[in-house]
Amino acid sequence: MKIGFIGAGKVGVSLGKYFKDGGLKIVGYYSRNKSSASIAAEFIGVDSMEIEELVNLSDVVFITVNDDQISKVWEFIKKLNIEGKVFLHTSGSLTSDAIYAPGVYSYSLHPMFPFSDKFTTYKSLGSAVFSLEGSRERVDELKAMIESLGNKVFQIEKDKKPLYHLSNVMVSNLVLSLIEKGVSYLEGCGVDRDVAKEALLPLIKLNIDNISKKSFEDSLTGPIERGDIGTVEKHLKIIPDADIPLYKALSLNLVEMAERKNGKERYYELDEYLRRQQ
Ligand SMILES: NC(=O)c1ccc[n+]([C@@H]2O[C@H](COP(=O)([O-])OP(=O)(O)OC[C@H]3O[C@@H](n4cnc5c(N)ncnc54)[C@H](OP(=O)(O)O)[C@@H]3O)[C@@H](O)[C@H]2O)c1
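Residues numbered from 1 in each chain as written. Predicted model: local features only at pLDDT ≥ 70, side-chain atom pairs only at ≥ 80, totals over all residues. Heavy atoms only, no water.

**Here's the deal with the pairing of strand 5 (residues 86-89)**
Here strand 5 shows a buried face lined by Val86 and Leu88 and a second buried face lined by Phe87 and His89. Where strand 4 (residues 60-63) and strand 5 come together, four bridges link them in parallel fashion. Following the sheet pairing, Val60 is matched in strand 5 by Val86. Following the chain from strand 4 across helix 4 (residues 67-77) to the adjacent parallel strand 5, one finds a crossover that is right-handed. Taken together, the four bridges between strand 5 and strand 6 (residues 105-111) define a ladder with parallel strand orientation. Within strand 6, the residue paired with Val86 across the bridge is Tyr105. (Buried < 20%, exposed > 50% of the residue type's maximum accessible area, 1.4 Å probe, protein only. Helix = DSSP H or I, 4+ residues; strand = E, 2+ residues; numbered from the N terminus. Pairing = 2+ DSSP bridges. Right-handed = clockwise from strand over helix to strand, strands pointing away.)

Written out as C-alpha cells, the structure is:
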C-alpha cells in the first residue's frame, strides 16, 4: 500500500518517518505551507507535492492536520477522484464520519502517544498503542499494517469515541492538572515551585512504575487504604473549597479499590464520611 500524508506537523512527520523506517512505502507529503511539506519530505527521503498528485499516487492517505482543519481538507479531497482509496485521520476525538464519502474507506487511527517534536518522537513510537475505528471492509488490512511495525492496535466502535477520548484526557491532561495542584499545595508550605516539583516527582514516577508492574489494588498505599479517617479529616479541613469535590470523587474511587483488596467492612465508616462531604 502506497501511503501519502496531508499535514506535515508533529504527527504526520513522526508517523511518516516511523512507517518508512519500518518498511512501509511512503509516497510523499502535502501541507498548507510548502516549506513544511518539503522539510518533512527531505527528512524522510520522499517527495513533497500538490494535494491532487498526492491523493492520486496514494492508496492510503493520512490526514494529519489539526482537528479543526480536517473537515476543510476533506471538503476539498472528496471532490477528487478517490474511489476505492483508504483515508485516515489521527484525531482522538473525531470519528471516521469526519472523512466519509461514498466509495472510499474511512478511518480514525489514533496513536495513544504524546507527539512533542517533529524530528525525534518517531524514535519512541515502538511503544505506542493505536486505536482504530471505521469501515469494516479494510480494517484487518490496516490492523496488519500497524502490527507489522510491532505496535498493538485495538478496534473501537464509533459511538464509544467520546468515552475513549475521555479516557485519554483523564490520564494525560487531567493528571497534569492534578500534579500541578499537588505542587501548589507544597508551595503553600513555603516550598519553592521548582523544588516542590522535584520533590514530588519520585512519588509520581514510582506510582506509575508500580501500576505498570502490578494491579491497581496492589499498588495502593496511603491513608485511604489504611482506613485513617483522622488523616482524611485533617485534609478536608485545609483543602481549598473548590477542590473538595475532586478530593471526594478520587478518594471514593480509592475506597472501592481498597474494598476489593481488603474487604468492605474496614471502609464502611470512611465511605460514609466521604459521601457526606460537599
Ligand atoms: N500531538 C499529539 O500528541 C497528538 C497525538 C495523537 C493524535 N494527534 C492528532 O494528530 C493530528 C495532528 O496533530 P499534530 O500535533 O501533528 O498537529 P501540528 O503539529 O499542529 O500539525 C498539523 C499540521 O497540519 C498542517 N495543516 C493545517 N491545516 C492544513 C490544511 N488546511 N491543509 C494542509 N495542511 C494543514 C499544518 O501545516 P503547515 O505547517 O504547513 O502550516 C501543520 O503542520 C490532530 O488531529 C491531532 O488531534 C496529535
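Having put the structure on the table, let's press on.
**Considering the sheet that holds strand 2 (residues 25-30)**
The strand order 3-2-1-4-5-6-7-8 describes an open sheet built from eight strands, whose pairing is mixed. Looking at which strands have only one partner, the edges of the open sheet turn out to be strand 3 (47-48) and strand 8 (153-155). Each of strand 2 and strand 3 touches helix 2 (residues 34-44); the most contacted strand, strand 2, lies at about 160 degrees to it. (Contact = heavy atoms within 4.5 Å. Axes fitted to C-alpha atoms, helices over the stretch in contact; angles between N-to-C directions.)

**Some thoughts on the layout of surface pockets**
Of the pockets and cavities examined, the largest pocket occupies roughly 2600 Å³. Leu178, Ile179, Asn207, Leu250 and Leu254 are the residues nearest the centre of the largest pocket, which is lined by 45 residues in total. Sorting the residues of the lining of the largest pocket by element identifies helix 6 (161-171), helix 7 (173-187), helix 8 (193-213), helix 9 (216-219), helix 10 (223-226), helix 11 (229-238) and helix 12 (244-262) as the ones contributing at least two each. A breakdown of the residues in the lining of the largest pocket according to their chemical character gives 30 nonpolar, 11 polar and four charged. Taken as a whole, the second largest pocket spans an internal volume of roughly 1000 Å³. As for the second largest pocket, its lining consists of 38 residues, and the residues nearest its centre are Val11, Thr64, Val65, Asn66 and Asp67. (1 Å grid on protein atoms, 1.4 Å probe; cavity = no way out; pocket = protein on both sides within 12 Å on 5 of 7 lines; lining within 4 Å. Points joined across faces, edges and corners; volume = space filled by probe spheres on them. Nonpolar A, V, L, I, M, F, W, Y, C, P; charged D, E, K, R; others polar.)

**What about the site of the ligand?**
Taken together, 23 residues lie near the ligand, and Val11, Ser31, Asn33, Ser36 and Asp67 sit nearest. Contact between the ligand and Val65: an oxygen atom at 3.3 Å from a main-chain N or O atom of the residue. At 2.9 Å, a side-chain N or O of Gln69 approaches a nitrogen atom of the ligand. Within the complex, the protein chains bury 81% of what would otherwise be the 900 Å² of accessible surface of the ligand. In terms of residue class, the shell around the ligand is made up of nine nonpolar, 11 polar and three charged. (Near = heavy atom within 4 Å. Polar contact = N/O pair within 3.5 Å; in protein donor to acceptor, adjacent residues only side chain to side chain. Areas by Shrake-Rupley, 256 points an atom, 1.4 Å probe, with all protein chains shown as cover.)

**Observations regarding the pattern of salt bridges**
When the charged atoms of two side chains with opposite charge come close together, those side chains can pair. Taken as a whole and assessed by the stated rule, the structure comprises 16 salt bridges. As a salt-bridge pair, Lys261 and Glu225 come within 3.1 Å of each other at their nearest N and O atoms. Of this pair, Lys261 sits in helix 12 while Glu225 sits in helix 10, placing them 36 residues apart in sequence. Residue Arg275 is joined to Asp271 by a salt bridge in which the shortest nitrogen-to-oxygen separation is 2.8 Å. Taken as a pair, Arg275 and Asp271 lie in helix 13 (residues 268-276) at a separation of four residues, close to a single helical turn. (Salt bridge = Lys/Arg side-chain N within 4 Å of Asp/Glu carboxyl O.)

**Considerations on the pairing of strand 1 (residues 2-6)**
With four of its five residues buried, strand 1 lies for the most part within the structure. Bridge count for strand 1 against strand 2 is five bridges, and the pairing is parallel. The residue bridging Lys2 from the neighbouring strand is Lys25, located in strand 2. At this point the chain moves from strand 1, through helix 1 (residues 10-21), to the parallel strand 2, and the crossover so formed is right-handed. The pairing of strand 1 with strand 4 spans four bridges and is parallel. Its bridge partner being in strand 4, Ile6 is matched across the sheet by Ile63.

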